[in-house]
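Overview (structure and organization)
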Amino acid sequence: MQKQVRPSPKRTAFIASLFLTLSLLLLAPLPLVHAQSAAPDSKAIKWSGEGLKLELQAMPLDLVRAFFLGRGFAAKDADFIAQTGCIFRSAIGNNGVTNSDQPIAIELANWRTIRASQRQAVRTRQDWAKIWETRTLSDSAKVAFHWALFPTTQNYQSSDYNWGMISFALPPGTRFDLEVHWLQGGVKKIKMLKNLECGK
Amino acid sequence: MIKGTQMKPLTQEPGADTIAMSRRKTMPVWSSWFAMIMAIFLSFSAPTAAQAQVLLHPSPGTPMARDFELPDLDGNKMKLSDFKGNVVVVNFWATWCPPCRAEIPSMQRAWDILKKHNVTLLAIHVGGNEDKIWSFLTDFNVDFPVLLDARSKVSRRWPMMGLPTTFIVDPQGKIALRAIGGREWDDPALIKTILALAKKDQ
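Here is what the cut-offs are and how they apply
- Residues numbered from 1 in each chain as written.
- Chains lettered and ligands numbered in written order.
- Predicted model: local features only at pLDDT ≥ 70, side-chain atom pairs only at ≥ 80, totals over all residues.
- Heavy atoms only, no water.
- Helix = DSSP H or I, 4+ residues; strand = E, 2+ residues; numbered from the N terminus.
- Buried < 20%, exposed > 50% of the residue type's maximum accessible area, 1.4 Å probe, protein only.
- Contact = heavy atoms within 4.5 Å.
- Areas by Shrake-Rupley, 256 points an atom, 1.4 Å probe, with all protein chains shown as cover.
- Disulfide = S-S within 2.5 Å.
- Phe/Tyr/Trp six-rings, centres within 6.5 Å; stacked < 30°, edge-to-face > 60°.
- Lys NZ or Arg CZ within 6 Å of the ring centre and 35° of its normal.
- Axes fitted to C-alpha atoms, helices over the stretch in contact; angles between N-to-C directions.
- Parallel < 35°, antiparallel > 145°, perpendicular 65-115°, else oblique.
- Left-handed = near helix turned anticlockwise from the far one by under 90°.
- Nonpolar A, V, L, I, M, F, W, Y, C, P; charged D, E, K, R; others polar.
- Salt bridge = Lys/Arg side-chain N within 4 Å of Asp/Glu carboxyl O.
- Expected span 1.5 Å × (residues − 1).
- Polar contact = N/O pair within 3.5 Å; in protein donor to acceptor, adjacent residues only side chain to side chain.
- Pairing = 2+ DSSP bridges.

Looking only at helices and strands, chain B has 5 helices and 9 strands in total. When the helices and strands of chain B are listed from N to C terminus, the series reads β-α-α-β-β-β-β-α-β-α-β-β-β-α. Relative to its full complement of 202 residues, chain B shows a buried share of 61%.

Our focus in this paragraph is the overall build of chain A. A count of helices and strands for chain A gives 6 helices and 10 strands. Counting only contacts in chain A whose residues sit at least 6 apart along the sequence, the fraction spanning at least 24 positions is 71%. When the accessible surface of chain A is summed, it comes to about 9100 Å², and 56% of that surface belongs to carbon and sulfur atoms.

Now for the state of the cysteines. Residues and elements named next belong to chain B. Applying the stated criterion across every chain, the model contains 2 disulfides over all chains. In this model, Cys97 is linked to Cys100 through a disulfide, with the two sulfur atoms separated by 2.2 Å. Judged by the sign of its S-S torsion, about 80°, the cystine formed by Cys97 and Cys100 is right-handed. An identical accessibility class is assigned to Cys97 and Cys100; each is buried.

Okay, the packing of aromatic side chains next. For any pair of aromatic rings, the description rests on two quantities: the centre-to-centre distance and the angle between the ring planes. Tallied over the entire structure, the rule returns 22 aromatic pairs over all chains. Between Phe92(B) and Trp158(B) the ring centres are 5.6 Å apart and the planes differ by 55°, which places this aromatic pair in the tilted class. Taken together, the residues Phe92(B) in strand S5 (residues 88-93) and Trp158(B) in the loop between strand S7 (146-149) and strand S8 (165-169) connect sequence positions 66 residues apart. Accessibility classification places Phe92(B) together with Trp158(B) in one group, the buried group. Ring-pair connections join several aromatic residues into one group, and the members of that group are Phe67(A), Phe68(A), Phe73(A), Phe80(A), Trp128(A), Trp132(A), Phe145(A), Trp163(A) and Trp96(B). Lying across the ring of Phe67(A), Arg71(A) places its NZ or CZ 5.0 Å from the centre. Positioned above the aromatic ring of Phe80(A), the side-chain terminus of Arg135(A) is 4.1 Å from the ring centre.

The next thing to look at is the packing of helix H3 (residues 98-114) of chain B against helix H5 (residues 188-200) of chain B. Residue and element names in this part refer to chain B. Two elements in contact, H3 and H5, have axes whose closest approach is 11 Å; the angle formed by their N-to-C orientations is 40°. Judged on the interaxial angle alone, H5 and H3 are oblique. H3 and H5 meet at a crossing whose hand is right-handed. On H5, the residues that touch Ala110, Ile113 and Leu114 of H3 are Ile191, Ile194 and Leu195. The class makeup of the residues in the contact of H3 with H5 is 6 nonpolar, no polar and no charged.

Inspection of every chain in the model, using the stated rule, returns 16 salt bridges over all chains. Asp186(B) is the salt-bridge partner of Arg109(B), the closest N and O atoms lying 2.6 Å from each other. Of this pair, Arg109(B) sits in helix H3 while Asp186(B) sits in the loop between strand S9 (175-180) and H5; the two residues are 77 residues apart in sequence, bridging distant segments of the chain. Assessed through its relative accessible area of 38%, Arg109(B) is described here as partly exposed. Using a relative accessible area of 24% as the deciding quantity, one classes Asp186(B) as partly exposed. A single salt-bridge network, built from bridges that share partners, covers Asp62(A), Arg65(A) and Asp79(A).

Moving on, we come to helix H6 (residues 139-148) of chain A. Of all 10 residues in H6(A), 7 are buried, a share of seventy percent or more. Here H6(A) has its buried residues at Ala141(A), Val143(A), Ala144(A), Phe145(A), His146(A), Trp147(A) and Ala148(A). The inward-facing, buried residues of H6(A) abut helix H3 (61-69), helix H4 (75-85), helix H5 (125-133) and strand S8 (161-167) of chain A together with strand S6 (120-126) of chain B.

For the rest of this paragraph, the subject is H5(B). Residues and elements named next belong to chain B. With 13 residues, H5 should cover 18 Å at 1.5 Å per step; its first-to-last C-alpha distance of 18 Å lies within 8% of that length. Buried within H5 we find Leu190, Ile191, Thr193, Ile194, Leu195, Leu197 and Ala198. Looking at where H5 begins, the residue whose side-chain oxygen comes 2.8 Å from the main-chain nitrogen of Ala189 is Asp187.

All names here are of chain A. Structurally, the position occupied by Lys189 is in strand S10 (residues 187-197). Looking at Lys189, its side chain comes within polar contact range of the side chain of Glu50, at 3.0 Å. In this structure, Lys189 is in contact with Glu50, Val180, His181, Trp182 and Gln184, ignoring residues within four places of it in sequence.

Strand pairing in a sheet is mediated by backbone hydrogen bonds. Such pairs are either parallel or antiparallel. Residues and elements named next belong to chain A. Taken in spatial order, the 4 strands line up as S1-S2-S3-S8 in an open sheet, and their pairing is antiparallel. Of all strands in the sheet, those with a lone pairing partner are strand S1 (45-49) and S8, marking the two edges. In this sheet, neighbouring strand axes are inclined to one another by 15° on average, regardless of whether the strands run parallel or antiparallel. Sheet analysis places strand S3 (residues 87-94) next to S8, joined by 7 bridges and oriented antiparallel. If you follow Arg89 over to S8, its bridge partner there is Met165.

This is how it looks when you write it as structure tokens:
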């Protein structure tokens, strides 16, 4: 019943050398092309309270490009995500401390970025899916993109969490505040996170 | 529901785990590159072992698990229904998902225990790229069955929204328990709960 997952040494060596070559080909041009957009020393924003635990960190543009190139995206599409997505990596879930018997619910579509009094919704998986309809993406890229993004809706019991990217659809380097919404035991909660900055 | 003390909370550092383990082995250059990206990508903080947390929760509605037929890395097809009557741990993961990578070593340790008790573990990789999966699994000496859901047809039909998510299917084929996010799968309390499901049916 149990299968042994043991590739032959010959196959492993071939795969390693193939992947090394591809990785070098993919990565080599990046520092030259994008040398002016050095990664900022972005610190992770961490917050925990009222059932929610959250970590957010802006991803530098080169890292966003590298991640999606590695997932089968064409260079133009990886660059499109980097330039328009304002991608943050995130880990969000139930903090297991405050009323930990009560599940929390997150609806990403309710979150708002605020800059110069302008409120804007998060770009969710569903929003991105509409964008991809107008561009040609491989099936593998579509699958990777869907699962790389943070879920739009999710319920979390204590110790549950999700990992994923959140897209704020703002230009690189934009500073903004973020209104975070969630429910704990059906009760609405809001937390304002100040002075976030998109990667550049 | 079970409680344990070894759960990796939200602010775990899966990237750091992966790198530490990777450095103990002779790894190809590309793996270091990938580990570096993952480390920057996600840097959770260390777990709080003192905090007792519930690790597995009843699956809402205890639905019947949808059957699937998927190929393993050699192309041999496996069905969930082949294991009816057994407890089956179904884990959805991807090589590029940091918490998924972080939980694989503990999953292998759990598998070493569970397989002696007629419990099956099926790890379903969401998305393709067999070569990357092969090399990743080799690094961690994984020998539990890994199936490919290249087009995400199965993962989109199961009640899950993100990776990793793990379901415990009882011998009747119902999804009894689930875990959203990574876990330390060899946590004794967690193993005990899985084995209790198997014993319940005897």
